[in-house]
Amino acid sequence: MILSESKILVTRTDRLGDVLLATPVLKKIREFYPHVKLSFLVREEWMPVLQYGDEVNLIAYRPNMSVKELAAILSEHNFDVAIVLRDEAVVSQAIKKAEIPVRVGPYSTLRSLLTFNQGLLQRRSRCSKHEAEYNLELLQRIKIPAAKPARVAEELPHSWIHYSTQVRSDIDQWQKANHMLGVKFWCLHPGSSGSARYLQPGRMMELVYECLARLAPHDGAKLVITGGPHEEALLQEIKSKAPDVVIFGGEHNLGLAALAELYRRADLVIAHGTGPLHLAAAVDTRVLAIFPPLHVLSERRWGPLTAKRLTWIPAVECPEKYRCRGPKCKYYDCMDRFEVGATLDRL
C-alpha cells in the first residue's frame, strides 16, 4: 500500500531519449500520489532539463558506479518502493542490496526474476507498444491503472521536463550574436551518438542544402546545425561545405538546457531517432523524425511524444529485427532512399 509518507524511487540510467520517455512515469506518480516523496535516479548530464524542484528529488548516477557504492547511497534514503524501468545489472542488484521492500521492474531475464518482487512480464523487443507505454504499464504494480494503448500520436503521454529560466537570456545573447533575434529558423541535428542508423554524409548534405534553399525566401531565416560536445568535427565539416549554416554546440556547448530552449524557439527540428529529437518534442516544437526500418528501432516504440511530428522511414521490408546486416542486406543502404525534396514537401 502506498501511503502519503511513502518514499518512491524511479530509475532510468541510460541515454537522454530513454530518460525523456521515462518522465511520464514521474508525472503520473505525482498526479496519482501527490504527497509521496518521489526520487529519480538518472545520469547527472541529463539533470539540467529535469529541474522539478520539490516535486522530484534527483539522485546522480555514474556509469562506473559499483553495486556497493550505489546501494549505500540508496540505503540512506530508506525507500519503500523502487521502480526500475530498465533492468540494468548494477541498478537492479543495488536496489536489492539496499533492501528496498517493494521492487518493481520488467521481467525479462533470470536476474530480473530474482530481483523484482513486484515484476511484470514485458516483451519490449516485440515493439507492440511505445516505450513510454511500457514504462507506465509497470505502475500497475503500485495500483496506478494502465491507460488504453495509444492508437495515434495524439493519445501518447507527453514528456515532462523543466529547466532554469536563466538559459533564456543565454539564448537571447546567442541569437543576438548570430543575428537571429526575431527571425525564422530551423534546427538540424545530424548526429546519432550510435543509438540509431543515420543518413550518410552525402545525403545529409543534400538535406542541409535543401533546407537552406527553402529558408532563403524568408528574410534573415537561418538553419542551425546542433551537436554535442563530441561532435565538433562533424559540425565543422558541415560548416565548411555550407558556410551559411549557424553552428550551435560542439566544443562551445552551452549545455542541455540551452539546447532545449533553442529548440523551443525553433520552427522545426530535424533529427534521427535520438535524444535531441525527444528533447524537441518535449518542448512542443514541430519535428521531422528520421527512423531506420530495423524492428527494434521502430517508430512504434521510439517515436517522439508529440502529435507535431512527421516521420520518414525507408519503404522497405527490413529482414532483420535486432541489427543491420550492412552490405550483406539486399536493401543496403536503405537510408540512402531518403528523398529530401519530397520529404520536406510534406511539412
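Note: the structure precedes this text.
What counts and how
Residues numbered from 1 in each chain as written. Predicted model: local features only at pLDDT ≥ 70, side-chain atom pairs only at ≥ 80, totals over all residues. Heavy atoms only, no water. Helix = DSSP H or I, 4+ residues; strand = E, 2+ residues; numbered from the N terminus. Buried < 20%, exposed > 50% of the residue type's maximum accessible area, 1.4 Å probe, protein only. Patch = residues over 30% accessible without salt bridge, like charges linked within 9 Å, V, L, I, M, F, W, Y side chains within 5 Å. Areas by Shrake-Rupley, 256 points an atom, 1.4 Å probe, with all protein chains shown as cover. Salt bridge = Lys/Arg side-chain N within 4 Å of Asp/Glu carboxyl O. Phe/Tyr/Trp six-rings, centres within 6.5 Å; stacked < 30°, edge-to-face > 60°.

Some points on unusual backbone geometry
Item 1. The omega torsion across tyrosine 332 and aspartate 333 is -10°, close enough to zero to call that bond cis.
Item 2. By the element assignment, aspartate 333 lies in the loop between strand S12 (309-312) and helix H13 (340-345).
Item 3. We note that glutamate 99 has phi near 55°; this positive angle belongs to a residue other than glycine.
Item 4. In this structure, glutamate 99 sits in the loop between helix H4 (89-97) and strand S5 (102-107).
Item 5. Backbone geometry places lysine 143, a non-glycine residue, at a positive phi of 70°.
Item 6. Mapping lysine 143 onto the fold places it in the loop between helix H6 (131-137) and helix H7 (166-177).
Item 7. By relative accessible area, which is 66% here, lysine 143 ends up exposed.

Structural notes on a nonpolar patch on the surface
Item 1. A grouping of Leu110, Leu113 and Leu114 is seen on the molecular surface, where their side chains present a nonpolar patch of about 340 Å² in accessible area.
Item 2. Within the secondary structure layout, leucine 114 lies in helix H5 (residues 110-115).
Item 3. When its relative accessible area of 55% is taken as the criterion, leucine 114 is described as exposed.

Describing the packing of aromatic side chains
Item 1. Using the criterion set out here, one finds four aromatic pairs in the structure.
Item 2. With a centroid separation of 4.9 Å and an interplanar angle of 90°, the aromatic rings of tryptophan 312 and phenylalanine 338 are classed as edge-to-face. Taken together, the positions of tryptophan 312 in strand S12 and phenylalanine 338 in the loop between S12 and H13 put the pair 26 residues apart, joining distant regions of the chain.
Item 3. By relative accessible area, which is 9% here, tryptophan 312 ends up buried.

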